[in-house]
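A look at the structure
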Amino acid sequence: MNALALIYVGFGGGFGAILRYLAIDVVSRLNPTEFPYGTMAVNVLGCLLMGAWIASMTVLTPAKAKDLHLLFATGALGGFTTFSAFSFDIFFLAERGLYGQAALYVAGSVLLSFVGLLAGVMLVKLVAA
């Protein structure tokens, strides 16, 4: 890891987070319901863009691909939605034929993330009580 890599990830991540905020705001204004359509939209769009990125990496030279991957995939798409990175991991597990590990990763990530969220809520409520 070097300073330039951190700059690429930080710049891309900040840009992606701003885009996520704007996209969710626009979708929420167009469809003001309780259902999180905006979050769903950025997750799906982020995964679409990650897929396009995976395909385009094959035509880039390795040196350019590494820096651009840090800026675009890790940074911008990571800031836009971590769901794209999650889908990227599933893709590579499945591509290697590790279907059981891919399924475990999907189920474990979703379940443990939700349990983590609940634990965080309960911890704060316990401390605040």
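Quick notes on the rules
Residues numbered from 1 in each chain as written. Predicted model: local features only at pLDDT ≥ 70, side-chain atom pairs only at ≥ 80, totals over all residues. Heavy atoms only, no water. Helix = DSSP H or I, 4+ residues; strand = E, 2+ residues; numbered from the N terminus. Contact = heavy atoms within 4.5 Å. Buried < 20%, exposed > 50% of the residue type's maximum accessible area, 1.4 Å probe, protein only. Polar contact = N/O pair within 3.5 Å; in protein donor to acceptor, adjacent residues only side chain to side chain. Core = buried A, V, L, I, M, F, W, Y, C linked by side-chain atoms within 4.5 Å. Phe/Tyr/Trp six-rings, centres within 6.5 Å; stacked < 30°, edge-to-face > 60°. Axes fitted to C-alpha atoms, helices over the stretch in contact; angles between N-to-C directions. Parallel < 35°, antiparallel > 145°, perpendicular 65-115°, else oblique. Left-handed = near helix turned anticlockwise from the far one by under 90°. Nonpolar A, V, L, I, M, F, W, Y, C, P; charged D, E, K, R; others polar. Salt bridge = Lys/Arg side-chain N within 4 Å of Asp/Glu carboxyl O.

**Here's the deal with the overall build of the protein chain**
- What the protein chain contains, in helices and strands, is five helices and zero strands.
- When the helices and strands of the protein chain are placed in sequence order, the string is α-α-α-α-α.
- Structurally, the protein chain occupies a C-alpha span of about 55 × 40 × 35 Å along its principal axes.
- Of the contacts made within the protein chain by residues no fewer than 6 positions apart, 57% connect residues no fewer than 24 positions apart.

**Quick look at the side chain of Thr 81**
- Mapped onto the fold, Thr 81 is located in the loop between α3 (62-80) and α4 (82-95).
- Taking relative accessible area as the criterion, Thr 81 reaches 4% and is therefore assigned buried.
- A distance of 2.5 Å separates polar atoms of two side chains, one belonging to Thr 81 and the other to Asn 43.

**Points about the nonpolar core**
- Met 50, Trp 53, Ile 54, Ala 73, Leu 77 and Phe 88 form the largest nonpolar core, which has six residues in total.
- Secondary structure elements with two or more residues in this core: α2 (37-57) and α3.
- Among the elements that take part in this core, α2 stands out by supplying three residues, more than any other.
- In this structure Met 50 touches Ala 73, Leu 77, Ser 84, Ala 85 and Phe 88, once residues within four positions along its chain are discounted.

**Notes on the packing of aromatic side chains**
- Across all of its chains, the model carries six aromatic pairs by this definition.
- Consider the rings of Phe 35 and Tyr 37, whose centres lie 4.6 Å apart with planes at 55 degrees: the pair is tilted.
- Taking the relative accessible area as the measure of exposure, Tyr 37 reaches 37% and is therefore partly exposed.
- Taken together, a centroid distance of 4.7 Å and an interplanar angle of 80 degrees make the contact between Phe 88 and Phe 92 edge-to-face.

**With respect to the packing of α2 against α4**
- Two elements in contact, α2 and α4, have axes whose closest approach is 8 Å; the angle formed by their N-to-C orientations is 45 degrees. In terms of orientation, α2 lies oblique with respect to α4. Of the two elements, α2 crosses α4, and the hand of that crossing is right-handed. Residues Asn 43, Gly 46, Cys 47, Met 50 and Ile 54 of α2 pack against Phe 83, Ser 84, Ala 85, Ser 87, Phe 88 and Phe 91 of α4.
- Residues that form the contact of α2 with α4 fall into these classes: seven nonpolar, four polar and no charged.

**Considering the pattern of salt bridges**
- A complete count under the given rule lists one salt bridge for this structure.
- With a shortest N-O distance of 2.8 Å, Arg 29 and Asp 25 are connected by a salt bridge. Of this pair, Arg 29 and Asp 25 both sit in helix α1 (residues 3-30), four residues apart, which is roughly one turn of that helix.
- For Arg 29, a relative accessible area of 64% gives the class exposed.
- Judged by its relative accessible area of 26%, Asp 25 falls in the partly exposed class.

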